Amino acid sequence: MRVLLVEDDDGVANALVEALRANGHRPSRVRRGSDALIAHRDADVVLLDLGLPDQDGLEVLRKLRKIDPVPVLVLTARGDERTVVRGLRLGADDYLVKPVRLAELLARIDAVARRSAARSQEPGELVRVSDVEIDLKSRQVVVGGREISLTTKEFDVLAVLARRPGTAVSRQQLMDEVWGNAFVAVSRTLDVHLTQLRAKLDRPGLLHTIRGFGYRLGE
């Protein structure tokens with residue numbers, strides 16, 4: 001698996017990266033929380049330390065959970081009950097206190113990855129909502145039997161929603177998946193693309209706005 005290690009201690013990080021690689025995983029490492037909020041998109045599992053140099057790891061976890069369901073294992077020296085409970089309530093899939101035995105860490109990684117895989121359901125390449133067909137592979141959109149032309153970003157926005165038809169998707173998650181970083185992308189840019197997308201689809205009610213949260217494709 002692709003494991004993202006968020007750890008600022010070079011000694012700890014080097015030992016973990018070596019151990020993960022020796023056990024068949026593909027680890028990558030970042031030192032700061034802000035870097036984790038970009039690099040998470042290429043990870044199957046995130047190992048998150050809480051004592052980061054730029055922001056608290058719990059805040060990183062809170063932001064990450066708004067945009068990505070990737071499994072997160074907190075790996076930290078903080079073992080007090082209050083912090084453990086808060087970490088789990090913020091969405092951590094598991095919580096391990098340093099020092100941790102390597103065999104246990106590997107087993108926990110495998111366990112959360114299995115649970116995540118069981119929860120996820122990949123959509124087909126062709127998504128149909130009413131008389132709209134969205135081909136995610138060929139990047140074609142047909143409305144009422146007529147193909148329409150979308151810009152790259154317009155299709156990317158539609159594709160994020162089409163992969164979760166009928167499911168609410170937050171603005172943060174849309175910006176993260178389309179622009180690569182929900183905390184850098186300009187929110188107004190998303191509004192412009194959605195306005196253009198609605199006009200081109202010409203299907204009122206197809207793209208629903210969920211006030212204060214995000215958007216949903218279809219019912």
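What you are looking at is a predicted structure, and each value in this text was computed from that prediction instead of being measured.

Chemist: For this particular structure, what's the right way to read the side chain of D156?
Modeler: By secondary structure assignment, the location of D156 is in helix α6 (residues 152-162). Given a relative accessible area of 18%, D156 falls into the buried group. A distance of 2.8 Å separates a polar atom in the side chain of D156 from a polar atom in the side chain of R139.

Chemist: Got a minute to help me understand the side chain of H40 in this structure?
Modeler: Mapped onto the elements of the fold, H40 is located in the loop between α2 (33-39) and β3 (45-48). Separated by 3.3 Å, the side chain of H40 and the backbone oxygen of L37 make a polar contact. Contacts of H40, omitting those with residues within four sequence positions, involve L4, L64, I67, D68 and D176.

Chemist: Honestly, the UniProt feature "modified residue: 4-aspartylphosphate" (unreviewed entry) in the protein chain in this entry has me stumped. Any pointers?
Modeler: Per the UniProt record, "modified residue: 4-aspartylphosphate" (unreviewed entry) is annotated on D49. Here D49 shows up in the loop between β3 and α3 (57-67). Here D49 falls in the buried class, since its relative accessible area comes to 7%. With residues up to four places along the chain from it excluded, the contact list for D49 reads V6, E7, D8, G57, L75, T76 and K98.

Chemist: I tried to follow the sheet that holds strand β8 (residues 140-143) on my own but got confused; where do I start?
Modeler: Note on sheets: strands pair through backbone hydrogen bonds, and any given pair is parallel or antiparallel. Read across the sheet, four strands follow the order β6-β7-β8-β9 without closing on themselves; strand pairing throughout is antiparallel. This sheet does not close on itself; its edge strands, each paired only once, are β6 (126-129) and β9 (146-148). Here the average twist between neighbouring strands, direction ignored, is 25 degrees. Judged from the three bridges that link them, β8 and β9 form a sheet pairing that is antiparallel. Following the sheet pairing, V141 is matched in β9 by I148.

Chemist: Is there a simple way to think about unusual backbone geometry in this case?
Modeler: The bulk of non-glycine residues show a negative phi, and the bulk of peptide bonds are trans. The amide bond that connects K98 to the next residue, P99, takes the cis arrangement and shows omega of -5 degrees. Inspection of the secondary structure assignment puts P99 in the loop between β5 (94-97) and α5 (102-119). In this structure, R139 takes a positive phi of about 60 degrees despite not being glycine. A relative accessible area of 41% places R139 in the partly exposed class.

Chemist: Would you take a moment to explain the pairing of strand β12 (residues 214-217) for this structure?
Modeler: Here strand β10 (residues 169-170) pairs with β12 via two bridges, running antiparallel. Within the sheet, the bridge partner assigned to V169 lies in β12 and is Y215. Bridging between strand β11 (residues 207-210) and β12 involves four bridges; their strand directions are antiparallel. Note on β12: the bridge partner recorded for T209 is Y215. Hairpin connection from β11 to β12: three residues lie between these consecutive antiparallel strands, with G212 at a positive phi of about 80 degrees.

Reading the values: the criteria
Residues numbered from 1 in each chain as written. Predicted model: local features only at pLDDT ≥ 70, side-chain atom pairs only at ≥ 80, totals over all residues. Heavy atoms only, no water. Helix = DSSP H or I, 4+ residues; strand = E, 2+ residues; numbered from the N terminus. Buried < 20%, exposed > 50% of the residue type's maximum accessible area, 1.4 Å probe, protein only. Polar contact = N/O pair within 3.5 Å; in protein donor to acceptor, adjacent residues only side chain to side chain. Contact = heavy atoms within 4.5 Å. UniProt positions renumbered as here; feature names shortened; annotations may be inferred. Pairing = 2+ DSSP bridges. Axes fitted to C-alpha atoms, helices over the stretch in contact; angles between N-to-C directions.

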